[in-house]
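# Architecture and fold: a report
Chain by chain, the residues run as shown.
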Amino acid sequence: MRRDRVLPVLALTFGSSAALIGVGLTGSYVWWAVIARWGEPDQSLLFWYLPFLLFGLGGVVYGSTASAWALRRIWSKDRGTG
């Protein structure tokens, strides 16, 4: 692998992993704090599980941004424009 492609490949790997983990954390918040507790009188888990939602959304944003940047860099180098 060429030296100038190492950083974009790492960004793509870690970015896609962060996005998948973020989707999992966001989905777990929706499932365990919202759907599983539907109709129960104690809704405090909507608050206490917020870190799962916030870290999940942050992971999705970070992972999507890093993956998009990496794909642009890889594709532009393949076409010879970068």
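Report follows, based on the coordinates. (Residues numbered from 1 in each chain as written. Predicted model: local features only at pLDDT ≥ 70, side-chain atom pairs only at ≥ 80, totals over all residues. Heavy atoms only, no water.)

What follows concerns the overall build of the protein chain. Of the regular secondary structure elements, the protein chain holds three helices and zero strands. A globule of 82 residues ought to have a C-alpha radius of gyration of about 12 Å, yet the protein chain, at 18 Å, is considerably larger. Reported as C-alpha extents along the three principal axes, the dimensions of the protein chain are approximately 60 × 15 × 15 Å. Within the protein chain, the fraction of its 82 residues that count as buried is 24%. Contacts spanning at least 24 positions in sequence make up 75% of the contacts within the protein chain whose residues lie at least 6 apart. As presented, the protein chain carries roughly 5,900 Å² of accessible surface, and 72% of it is formed by carbon and sulfur atoms. For the protein chain, the centre of its 8 positive side-chain charges and the centre of its 4 negative side-chain charges are spaced 19 Å apart. (Helix = DSSP H or I, 4+ residues; strand = E, 2+ residues; numbered from the N terminus. Rg over C-alpha atoms; globule rule 2.2 N^0.38 Å. Buried < 20%, exposed > 50% of the residue type's maximum accessible area, 1.4 Å probe, protein only. Contact = heavy atoms within 4.5 Å. Areas by Shrake-Rupley, 256 points an atom, 1.4 Å probe, with all protein chains shown as cover. Lys, Arg positive; Asp, Glu negative; His and termini not counted. Charge placed at Lys NZ, Arg CZ, Asp CG, Glu CD.)

A separate point is helix 1 (residues 6-35). Look at helix 1: 42 Å from first C-alpha to last across 30 residues, which is about the 44 Å you get at 1.5 Å a residue. Where helix 1 is concerned, the buried positions are P8, A11, G15, A18, A19, G22, T26, Y29 and A33. (Expected span 1.5 Å × (residues − 1).)

With that out of the way, let us pick up the packing of aromatic side chains. The tally for this structure, following the rule as stated, stands at three aromatic pairs. Both rings, one in F47 and one in W48, keep their centres 4.9 Å apart while their planes meet at 75°; by these two values the pair is edge-to-face. You can call W48 exposed: its relative accessible area is 59%. Judged by centre distance (5.7 Å) and plane angle (85°), the rings of Y49 and F52 are edge-to-face. Judged by relative accessible area, which is 40%, F52 ranks as partly exposed. (Phe/Tyr/Trp six-rings, centres within 6.5 Å; stacked < 30°, edge-to-face > 60°.)

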